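Coordinate inspection notes
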Amino acid sequence: MKPVDFDYECPGDLDSALALMSDAGPSGRVLAGGQSLGPMLNLRLAQPALLVDITAIPELKAVEPEGDGLLIGACVTHAAIEDGAIADVTNGTLASVAGGIAYRAVRNRGTIGGSLAHADPAADWISCLSTLGAEAVIAGAAGERRVSVGEFMDGAFETVLGVGEILRGVVVPKLSSTARWGYYKFCRKAGDFAEAIGAVLHDPERNVARTVLGATNARPIVIDGPYEDDAVRTSIDTLGSDIDSYDRQVHFVTAKRAAMIAGVRAA
Ligand SMILES: Cc1cc2nc3c(=O)[nH]c(=O)nc-3n(C[C@H](O)[C@H](O)[C@H](O)COP(=O)(O)OP(=O)(O)OC[C@H]3O[C@@H](n4cnc5c(N)ncnc54)[C@H](O)[C@@H]3O)c2cc1C
């Protein structure tokens, strides 16, 4: 199948992109790496009248310090992060998660912002960045607003982005040198989308401890406080009858392995 006809614009700055998106209203769609949107267009799951390609906007490809953390532009690719082309404020965490996304051809084009905006619950960045306590920077005609990445997804394939808004980037806080981190992705073969994700962060110097369960049927579940088996089991119970006993066990074991990798739980 081929996409429906659409107009295409490739603005060179964010204000122009926002103006195009605002004029187009609900019939406008942002195009970043095209790794998810391309198939959706071909299958006619998406039928925009206007595609606004944001990959020529320098601001969205920039990486700048913010406080002691980093503002990563939405159009920074998974490959750039994997290759260490951006400053490392997370003790190698971002690079290692990036390297586990799909395969290199997808990582060369797919972007961190596109992954978040697509809001697939099984994607890696939404779980990883929720655990790190990152913030999404959203640009719109009325200005800029910020939400925590943990609250960026409203549900599967839904986000808090309003009509005409563009995700400008994410602010990732700096981990202290003693921070402990574990990320475990359960999938059938390397580089696949996850069936379950566990991520654990203990950063006592910053007074941060968090466990995240990802690749559920909705946005990642964020559990604040030091890792505990019981807290994980209680959170899995909130998924109710949407999830069978096998999947519950997979989510539990995935979180437990992340805690073991972080060194905050014995084997
Ligand atoms: C074979 C294959 C395997 C994959 N495996 C994995 C995997 O293991 N883990 C994983 O995490 N991902 C995986 N992906 C997804 C991949 O990471 C994509 O890069 C990502 O989902 C979308 O990023 P993109 O830049 O290509 O966005 P696009 O496809 O261009 O856009 C996706 C959606 O986000 C919107 N959008 C994009 N950027 C913005 C923005 N800045 N502001 C507002 N809206 C925006 C678009 O309008 C569209 O609705 C896989 C993809 C493929 C094709």
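Residues numbered from 1 in each chain as written. Predicted model: local features only at pLDDT ≥ 70, side-chain atom pairs only at ≥ 80, totals over all residues.

**Overview of the overall build of the chain**
When helices and strands are tallied, the chain shows 10 helices and 14 strands. Relative to the compact-globule value of 18 Å for 267 residues, the chain shows a C-alpha radius of gyration of 18 Å, a close match. Summarising its shape, the C-alpha atoms of the chain cover approximately 55 × 40 × 35 Å along the three principal directions. The buried share of the chain, reckoned over its 267 residues, is 45%. The long-range share in the chain, meaning contacts at least 24 apart out of those at least 6 apart in sequence, stands at 62%. (Helix = DSSP H or I, 4+ residues; strand = E, 2+ residues; numbered from the N terminus. Rg over C-alpha atoms; globule rule 2.2 N^0.38 Å. Buried ≥ 20, exposed ≤ 12 C-beta atoms within 10 Å, placed from the backbone. Contact = placed C-beta atoms within 7 Å.)

**Considering the site of the ligand**
As a matter of local geometry, the ligand sits amid 31 residues, with Gly33, Gln35, Ala102, Gly110 and Gly114 nearest to it. Elements that contribute at least two residues to the shell around the ligand include exactly β2 (28-31), α6 (104-109), α7 (112-118), α8 (124-132) and β10 (166-172). The dominant element in the shell around the ligand, judged by the number of residues it contributes, is α7, at five residues. Classifying every residue of the shell around the ligand by side-chain character gives 16 nonpolar, 11 polar and four charged. (Near = placed C-beta within 6 Å. Nonpolar A, V, L, I, M, F, W, Y, C, P; charged D, E, K, R; others polar.)

**Some words on the nonpolar core**
Ile54, Leu116, Leu129 and Val170 are the most contacted members of the largest nonpolar core, which has 73 residues in total. The contacts of leucine 129, once residues within four sequence positions are left out, are Ala134, Val149, Val170 and Val172. (Core = buried A, V, L, I, M, F, W, Y, C linked by C-beta atoms within 7 Å.)

**Some remarks on the packing of helix α9 (residues 229-237) against helix α10 (residues 245-262)**
Look at α9 against α10: their axes get within 10 Å of each other, and the N-to-C directions meet at 145°. Helix-helix and strand crossings are classified by hand; for α9 and α10 the assignment is right-handed. Contact with α9, carried on its side by Asp229, Val232, Arg233 and Ile236, involves Arg248, His251, Phe252, Ala255 and Lys256 of α10 and no other residues of that element. Grouping the amino acids of the contact of α9 with α10 by side-chain chemistry returns four nonpolar, one polar and four charged. (Axes fitted to C-alpha atoms, helices over the stretch in contact; angles between N-to-C directions. Left-handed = near helix turned anticlockwise from the far one by under 90°.)

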